[in-house]
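Chain by chain, the residues run as shown.
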Amino acid sequence: MTDLTRISAAELSGLLADGSVSSVEATRVHLERIAAVDGDVHAFLHVAAETALATAADVDRRRAAGDRLGPLAGVPVAIKDVLVTADMPTTAGSKILEGWMPPYDATVVRKLRESDLVPLGKTNMDEFAMGSSTEHSAYGPTHNPWDLERIPGGSGGGSAAAVAAFEAPLALGSDTGGSIRQPAAVTGSVGFKPTYGGVSRYGAIAMASSLDQVGPVARTVMDTALLHDVIAGHDQMDATSLATDWPSMAAAATAGLADGALKGVRVGVIQELAGNADGFQAGVKQRFDETLALLSAAGAEVIGVSCPNFEYSIAAYYLIHPAEASSNLARFDSVRFGLRENPADGPITSERVMSATRGAGFGPEVKRRIILGTYALSAGYYDAYYGSAQKVRTLIQRDFQAAFEKVDVLVSPSAPTTAFKIGEKIDDLLAMYINDITTIPANLAGVPGLGLPMGLAPEDGLPTGLQLMAPAMQDARLYTLGAAIEQLLEASWGHTLISQAPELRTGNTRSAEGNN
Ligand code: GLN
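Everything numeric in this text was worked out from a predicted model, so none of it was measured.

Engineer: Please explain the overall build of the chain as it appears in this structure.
Structural biologist: Counting its secondary structure elements, the chain contains 16 helices and 12 strands. Taking 24 Å as the expected radius of gyration for a compact globule of 516 residues, we find that the chain reaches 22 Å, a close match to that expectation. Dimensions of the chain, computed from C-alpha atoms along their principal axes, come out at roughly 75 × 55 × 45 Å. In the chain, which comprises 516 residues, the proportion classed as buried is 60%. Sequence separation of 24 or more characterises 77% of the internal contacts of the chain that already satisfy a separation of 6 or more. Of the accessible surface of the chain, which amounts to about 18400 Å², a share of 54% is contributed by carbon and sulfur atoms. Both charge centroids of the chain, one from 39 positive and one from 58 negative side chains, sit 3 Å from each other.

Below is the structure:
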């Protein structure tokens, strides 16, 4: 019998549509998988077993009655805990929101429900999406299914680990500086950061509003495209949402499977991120070079391009991001949401309650960034720091513009190294921040980025990732080329990357319902 947790969402949809599998069955096997492995992986902060089964039963009933259902109807999905959900607690990985029940659904969550997907639960993340390892979650780290002692990337390590551990075929993530693409790289999964404004941010707890973007996570490019089609589109509740009619990303991915899809495509290799720089692991560089050779052999024109200002992207990001985060996180003031803590002694004033609450509710990384951002925005320093960073942002956007005059797509590794050990970099801020060296430029420029598996690094047998970037609004192009490259790489390996993931120990180590 087919193991329903191992197949793609596209295949599962086919089985659901022709009636050979019910959504209740598909949902149950995923809940059983979560119960069996998530005690070790800890991808989920909350599992909504009963609601998921009830939703699935309802989809089955409507399918039996002949209702017209969407392509992913009845397919289970996991949701990063940065997205508000009316029927599940939402914490953003923070103590300050422990147990908080939002009064509404994020637009992307509403869209999942309207397309009849089955939400399984909420996934773990670095607190307020600040991090690259999920170690900054107030609820403990998520473990990489490839090696439980290693990080699954971050901030969306929970969503990436959930799909890589076969706990869910699909997941939603958010990407402010790489939190979809970097976890995808280190877990052997696929993730997409859409063009800024392509997917609604309404109900995505804001961190750095000019950089945040919600996007899909899956195990194949096609599944990622199918989920993208569900969540994309204009939303009047999000003032930065683009009023664009997006083409079908699934159709774009299908086009990439045709013979010759890579012929004549101009692939730009960003010299500054090509893996020669310090901090790039030899095996990542090796797999990247091999991929470029395959692309040339398939008829693509591989061209070196220089983006000289990318060198400053991390510096600019760590001014713009904390500046926006310090402002966004001001809403956690002990009055409106979640935790309220009284001062240990002395008078109870609103200011002192706010201070005690934020002191107890925020973790160290969040406090660090709020302080950094407040400093960067303060009178007297604003022009020197925030103002300069915005100028660098413009230069990075110009680097992209110049590059896209010469090439159709830009490529780089999606992370400089494979998954590192839990605890290894937690005290070394710069080592942690450098993880996003390849992903941050796309956020600063608002362009789309796709991360997909690029093979296992020879030195440690762990997944590496390839990143593709296209001009703003050209998300579909990335799906076409991504599907073509995925097919090319898998043909060269003779298998899918995820099929090489080690078996996880299955002990009944967590309960199927509730928080963890
Ligand atoms: N790792 C980056 C940070 O800590 C990016 C996080 C993200 O994309 N949410 O800010």
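Engineer: Sorry, what's going on with the nonpolar core here?
Structural biologist: Nonpolar side chains in soluble globular proteins tend to end up buried together. Counting residues in hydrophobic clusters, the biggest one holds 83 residues, and the most contacted among them are Leu-83, Phe-128 and Leu-468. Broken down by element, the residue count for this core peaks at 8 residues, all from helix H16 (residues 475-493). In terms of nonpolar packing, the next biggest core, distinct from the first, is built from 31 residues, Val-305, Cys-307, Ile-314 and Val-447 among them.

Engineer: What is the right way to look at the pattern of salt bridges in this model?
Structural biologist: Pairing of side chains with opposite charge becomes possible as their charged atoms draw close. Across all of its chains, the model carries 20 salt bridges by this definition. Between Glu-98 and Lys-95 there is a salt bridge, with the nearest N and O atoms lying 3.6 Å from each other. Using a relative accessible area of 49% as the deciding quantity, one classes Glu-98 as partly exposed. Given the relative accessible area of 34%, Lys-95 is considered partly exposed. Where Arg-369 meets Glu-365, a salt bridge forms, and the shortest distance between an N and an O atom there is 2.8 Å. With Arg-369 and Glu-365 both in helix H12 (residues 364-377) and 4 residues apart, the pair spans about one turn of that helix. Here Arg-369 and Glu-365 have matching classes, each one buried.

Engineer: Can you walk me through unusual backbone geometry in this structure?
Structural biologist: The bulk of non-glycine residues show a negative phi, and the bulk of peptide bonds are trans. Here the amide bond leading from Gly-154 into Ser-155 is cis, since omega sits at 5°, within 30 degrees of zero. Structurally, Ser-155 is set in the loop between strand S3 (118-123) and helix H5 (157-164). The backbone phi angle of Asp-116 is positive, close to 65°, even though this residue is not glycine. Looking at where Asp-116 falls in the secondary structure, it is placed in the loop between helix H4 (107-114) and S3.

Engineer: What is the right way to read the pairing of S3 from this model?
Structural biologist: Each regular strand shows side chains that alternate between the opposite faces of the sheet. Counting buried positions along S3 gives 6 out of 6 residues, so the element sits mostly inside the fold. Relative to S3, strand S1 (residues 44-47) runs antiparallel, the two being bridged by 3 bridges. Along S3, the bridge assignment pairs His-46 with Lys-122. Strand direction decides the pairing type here: strand S2 (residues 76-80) and S3, joined by 5 bridges, are parallel.

Engineer: When you look at the pairing of strand S6 (residues 214-218) in this model, what are you seeing that I'm missing?
Structural biologist: Among the 5 residues of S6, 5 are classified as buried, and the element is accordingly described as predominantly covered. As paired strands, strand S4 (residues 170-174) and S6 are joined by 5 bridges and run antiparallel to one another. Pairing of Gly-173 across the sheet is with Gly-215, part of S6. The sheet contact formed by strand S5 (residues 190-193) and S6 spans 2 bridges and is antiparallel. Within the sheet, the bridge partner assigned to Gly-191 lies in S6 and is Val-217.

Criteria and thresholds
- Residues numbered from 1 in each chain as written.
- Predicted model: local features only at pLDDT ≥ 70, side-chain atom pairs only at ≥ 80, totals over all residues.
- Heavy atoms only, no water.
- Helix = DSSP H or I, 4+ residues; strand = E, 2+ residues; numbered from the N terminus.
- Rg over C-alpha atoms; globule rule 2.2 N^0.38 Å.
- Buried < 20%, exposed > 50% of the residue type's maximum accessible area, 1.4 Å probe, protein only.
- Contact = heavy atoms within 4.5 Å.
- Areas by Shrake-Rupley, 256 points an atom, 1.4 Å probe, with all protein chains shown as cover.
- Lys, Arg positive; Asp, Glu negative; His and termini not counted.
- Charge placed at Lys NZ, Arg CZ, Asp CG, Glu CD.
- Core = buried A, V, L, I, M, F, W, Y, C linked by side-chain atoms within 4.5 Å.
- Salt bridge = Lys/Arg side-chain N within 4 Å of Asp/Glu carboxyl O.
- Pairing = 2+ DSSP bridges.

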